[in-house]
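Letter by letter, the chains look like this.
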Amino acid sequence: MVDVPFDTVAGVPPAEVGEVELYHPRSWWTRYVFSQDAKVIAIQYSITAMSIGMVALVLSWLMRLQLGFPGTFSFIDPNQYLQFITMHGMIMVIYLLTALFLGGFGNYLIPLMVGARDMVFPYVNMLSYWVYLLAVVVLASTFFVPGGPTGAGWTLYPPQAILSGTPGQDWGIVLMLASLILFIIGFTMGGLNYVVTVLQARTRGMTLMRLPLTVWGIFTATVMALLAFPALFVASVMLLLDRLLGTSFFMPTLVEMGTLTKYGGGSPILFQHLFWFFGHPEVYIVALPAFGIISDLISVHARKNIFGYRMMVWAIVAIGALSFVVWAHHMYVSGMHPYFGFFFATTTLIIAIPTAIKVYNWVLTLWRGDIHLTIPMLFALAFIVTFVNGGLTGLFLGNVVVDVPLSDTMFVVAHFHMVMGIAPIMAVFGGIYHWYPKVTGRMLNEALGRFHFWVSFLGAYAIFFPMHYLGLLGMPRRYHDIGETAFVPASAHDLNAFMSVAALIVGFAQLVFLFNLIWSLFKGKEAGGNPWGAASLEWQTPETPPGHGNWGKELPIVHRWAYDYSVPGAAMDFVPQNEPPAGLSAQGPHA
Amino acid sequence: MAVAIILLLVAIASVLFHIFSPWWWTPLASNWRYIDDTITLTFWITGAVFFAVVAFMAYCVFRFRHTEGRRAAYNPENKKLEWWLSVGTAIGVAAMLAPGLVVWHQFVTVPANATEVEVMGQQWQWSYRLPGKDGRLGTSDARYVSAENPMGLNPDDPAGQDDVVIQNDDLHLPLGKPVKVLLRSIDVLHDFYVPEFRAKMDMIPGSVTYYWFTPTRTGTFEVLCAELCGAAHAQMRSKVVVEEEKDYHAWLDKQRTFAELSGQRDVAKAAYTRESE
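Residues numbered from 1 in each chain as written. Chains lettered and ligands numbered in written order. Predicted model: local features only at pLDDT ≥ 70, side-chain atom pairs only at ≥ 80, totals over all residues.

K.L.:
Explain the interface of chain B and chain A to me, please; I cannot follow it from the model alone.
P.N.:
Where interface size is given, it is often the accessible area lost as the parts come together that is meant. Taken residue by residue, the interface counts 81 residues in chain B and 96 residues in chain A. Among the elements of the structure, helix H1 (2-20), helix H2 (33-64), helix H3 (79-108), strand E6 (190-193), strand E7 (200-203) and strand E9 (219-225) of chain B are those that each provide at least two residues to the side of chain B that touches chain A. Residue classes in the side of chain B that touches chain A are distributed as 51 nonpolar, 17 polar and 13 charged. (Contact = placed C-beta atoms within 7 Å. Helix = DSSP H or I, 4+ residues; strand = E, 2+ residues; numbered from the N terminus. Nonpolar A, V, L, I, M, F, W, Y, C, P; charged D, E, K, R; others polar.)

And the structure:
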């Protein structure tokens, strides 16, 4: 049995917070725009992230049109194709997923789940959003500057990122780097908030080992981001200096379009090390919140405690720590010293073990559960399928010698879309369908939701599963047109066309989802405070949606972990975290 | 019910797709059969895990879906089961990693009898250089690059004078002889990639990288650039011709050395300019 004993805090008088007049917002502007309420900031983050995400979606359509039907669309030239892939990748990884998981879900859920009134530094939290918004505006502005956005690939590898053979060399790359620098500044303000709030603002009785796994996931991801983003920050600043002031951090002696440049003595590999020292943890910065959210969705909708909670927590922490010593598996064929391959292949494959534990514990949570096939549960199941698929192909690419033929091919594209594109987005959707009732007080439309789910899941799988085989065939990535190539059979072009059609359909389903978000806001079924019968604290607020300060007069007191579902002897199939032990019969598991 | 069936179908369809997919790796033309074997092994292990997990999920959804009056079991932990699963996973991981590292050791250990061949990438073309009679390649530097010396070879290095320089043409390699490919770039990152050889490595301006392989099949193979190098990345193509020793030498005899080319260039410069006008 799990070691989460009840404690005796019930005798302590509840902490009262007097109503301070200055504490609450006084005008429409401070309530909805320059708000310091984490919940409003969360919604601002989410709307901004999804808006720029729509741009990335449209870019993916354009790319797929080009790949599926090369030569058909005269308005897409090779330069634009490179700009599309670059902006699509950058937006999805950083401006959408990172911002949505940490700024969106993190802001909304952390204070509610740990029983706090707000983030500990509300003003800094507000600034965090506005700096993020500025970063997004700067990023989006690159579409309108002379030369357009950078086409250097989302990895921005120098020397080509800042040389004239690459589109967007004029303005695009400079604004991209400026935008990244802004994003990191904004994120740091938010990230410090999340960490301090989790460590310092938990309500009484909320021990670390009683936190819902969503908080563990977001917390660990934030700590990682605070350690990893500085590497990207310095890399961006150095690359900006190379581009604008002619320094040579990353630039060796080289020839640009036949002319010798003034650069000399720098190391392109150094940039790759800095980039991936950020870039690999970034994968888990996106994955860990998804892990946490999925754990909670499965537990709530299978009416069963998450299996092996402590192992789940330690797995999250272990993955977070290990992810800082695997970065160079992105660089097996970069020309770094080949002996690094032994070390990084070993650490990379070791990380599979805690990750596999998480997967086992999810499916073992389903075992002997009472599985309600709600939309959040469906998305959780889809997450497991796509994550397992993408995780397992990671064992190909992590195993250094297997990576050699596969790296820089469509296999890699298929792998990372499955594991850090589709899977985390399934978690995002599951999370939105799950928490939307708390945020708005209304349920999302069920029929539209099911349509959205099936098209997104099966459609995305149909795009990315076959794509692996094009990579196995040897088709390189970042080619706007493979053209006449002896080893590529005609059928591969047909497969490309099929994937493109699937991508258009999946994209369309996302518009249905957006419609549902807006329609249900006004017409959705009234949800009540706790429509899923969930045990964690955010569902126990006095008001739905929760008011400013979350808890009214008294902060909740926590008596148990977040997973008391179907407890033998309990009247209902869930026991809220703030329910005192007296509510349970003597046969309870902890008695 | 429908959900369980669809999950199971996803697992089955994935396996069937794998078995019947017409898109598979190109026929091997080098000694790196071990790489293909490691991929095959990895497919077996990961495929089994994928099928098992998804099928188990499908079963759970089928067997434990909500019906009136069902109540989930209360089962927070099972230390023994969790440890067994971890150990089992560790064994599976080791079964892939160990052969992988052994093959990687071969990949990074260049045989002593390998002949050196230099490949130089630049936006957006390939050039090649073979050592001359002295068996050594001369030094090079991006600073020497000029219209007369596009590969940037050191004009004062005696070792480089007899180097065979191949530009705007295919590279030929003799069958069955191990080759150490020295990789170099004068502008941005490139990657010398021939799918049939399985090997690949980035080329970095300012450094020389390498890999080795032994061609095991005659034929003409397409060279692609596998590291994004700017606007015409996808058009950066060339060919490698693997042929019998005799044919190879016949081809080699027709090639020009660096010294010949520079001498010729000095003489022919004026004529060349006139011709092109």
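K.L.:
Looking at this model, I keep getting lost on the environment of A:Ser566. Mind explaining?
P.N.:
Within the element layout of this structure, A:Ser566 appears in the segment after helix H15 (490-523). Judged by the 22 C-beta atoms lying within 10 Å of it, A:Ser566 is buried. When the C-alpha positions of A:Ser566 and A:Leu254 are compared, they lie 67 Å apart, and in sequence the two are 312 residues distant. When sequence neighbours within four positions are dropped, the list of residues in contact with A:Ser566 reads A:Arg303, A:Lys304, A:Asp370, A:Asp573, B:Arg71, B:Ala72 and B:Tyr74. (Buried ≥ 20, exposed ≤ 12 C-beta atoms within 10 Å, placed from the backbone.)

K.L.:
Would you mind showing me how to read the pairing of strand E1 (residues 115-122) of chain B here?
P.N.:
As a general feature of sheets, a regular strand has side chains that alternate between the two faces. Residue and element names in this part refer to chain B. Of all eight residues making up E1, six are buried, and the element is well covered by its neighbours. Here E1 pairs with strand E5 (residues 179-185) via seven bridges, running parallel. If you follow Glu116 over to E5, its bridge partner there is Lys180. Relative to strand E2 (residues 125-130), E1 runs antiparallel, the two being bridged by five bridges. Its bridge partner being in E2, Gly121 is matched across the sheet by Trp126. Taken together, E1 and the strand that follows it, E2, pair antiparallel across an intervening segment of two residues. (Pairing = 2+ DSSP bridges.)

K.L.:
What exactly am I supposed to notice about the domain arrangement of chain B here?
P.N.:
All names here are of chain B. Each assigned domain of chain B is listed with its residue range as follows: domain 1 (2-65 + 78-108) and domain 2 (115-276). Between the C-alpha centres of domain 1 and domain 2 the distance comes to 40 Å. At the interface, eight residues of domain 1 touch 13 residues of domain 2. (Domains from an automatic or database assignment.)

K.L.:
Quick question: what am I supposed to make of the packing of helix H14 (residues 446-473) of chain A against H15(A) here?
P.N.:
Packed helices, taken two at a time, are described by the angle their axes make and the gap between the axes. Residues and elements named next belong to chain A. Contact geometry of H14 with H15 gives a least axis separation of 8 Å together with a crossing angle of 155°. As far as their axial angle goes, H15 and H14 are roughly antiparallel. Pair H14 / H15 crosses with left-handed handedness. Across the contact of H14 with H15, the residue classes tally to 20 nonpolar, five polar and no charged. (Axes fitted to C-alpha atoms, helices over the stretch in contact; angles between N-to-C directions. Parallel < 35°, antiparallel > 145°, perpendicular 65-115°, else oblique. Left-handed = near helix turned anticlockwise from the far one by under 90°.)

K.L.:
Can you help me understand the confidence of the model for chain A in this one?
P.N.:
Residues shown with low pLDDT carry predicted positions that ought not to be read at fine detail. Per-residue confidence for chain A gives a mean pLDDT of 92, with 95% of residues at or over 70. For the stretch residues 583-591 of chain A, pLDDT sits under 50, and the model shows 18 contacts to residues farther than four places along the chain or on other chains. (pLDDT = per-residue confidence, 0-100.)

K.L.:
Sorry if this is basic, but what is going on with the confidence of the model for chain B here?
P.N.:
Per-residue confidence for chain B averages 91 on the pLDDT scale, and 95% of its residues sit at or above 70. Under the prediction, the complex receives an ipTM of 0.93, its pTM being 0.93.

K.L.:
Teacher, can you tell me more about helix H8 (residues 309-322) of chain A here?
P.N.:
Residues spaced three or four apart along an α-helix point in a common direction, a consequence of the helix completing one turn every 3.6 residues. Its 14 residues give H8(A) an end-to-end C-alpha distance of 20 Å, which sits within 8% of 20 Å, the value for a rise of 1.5 Å per residue. What H8(A) keeps buried is the set A:Tyr309, A:Met311, A:Met312, A:Ala315, A:Ile316, A:Ile319, A:Gly320 and A:Leu322. In this fold, the buried residues of H8(A) make contact with helix H6 (213-244), helix H7 (268-301), helix H9 (340-350) and helix H10 (352-366) of chain A together with H3 of chain B. (Expected span 1.5 Å × (residues − 1).)

K.L.:
Would you take a moment to explain the nonpolar core for this structure?
P.N.:
Generally speaking, a soluble globular protein has its nonpolar side chains buried in company with each other. Grouped together as the largest cluster of nonpolar side chains are 284 residues, with contacts concentrated most on A:Phe383, A:Ile384 and B:Met57. Considering every element that reaches this core, the biggest residue donor is helix H3 (residues 78-114) of chain A, with 24 residues. Composition of this core by domain shows at least three residues from each of domain 1 (2-65 + 78-108) and domain 2 (115-276) of chain B. (Core = buried A, V, L, I, M, F, W, Y, C linked by C-beta atoms within 7 Å.)

K.L.:
Mind showing me how you'd approach the environment of A:Tyr332 here?
P.N.:
Residues and elements named next belong to chain A. Within the secondary structure layout, Tyr332 lies in the loop between H8 and H9. When the 28 C-beta atoms within 10 Å are taken as the criterion, Tyr332 is described as buried. The spacing of Tyr332 and Gly89 is 243 residues in sequence and 21 Å in space, taken between C-alpha atoms. Filtering out sequence-adjacent residues up to four positions away, Tyr332 remains in contact with Gly341, Val400, Asp403, Val404 and Ser407.

K.L.:
Help me understand the sheet that holds strand E8 (residues 209-213) of chain B in this model?
P.N.:
Strand-to-strand pairing in sheets goes through backbone hydrogen bonds, with the strands running parallel or antiparallel. Residues and elements named next belong to chain B. Ordered in space as E3-E2-E1-E5-E8, the five strands form an open sheet in which the pairing is mixed. Each of the sheet's edge strands pairs with one partner strand only, and the pair in question is strand E3 (164-167) and E8. Put simply, the sheet's adjacent strands are angled 25° from each other on average, direction ignored.

K.L.:
What should I look at first to understand the pairing of E5(B) in this one?
P.N.:
All names here are of chain B. Counting buried residues along E5, five of its seven residues qualify, which places the element largely inside the surrounding structure. Bridging between E5 and E8 involves five bridges; their strand directions are antiparallel. By the bridge assignment for E8, Lys180 is matched with Trp212.

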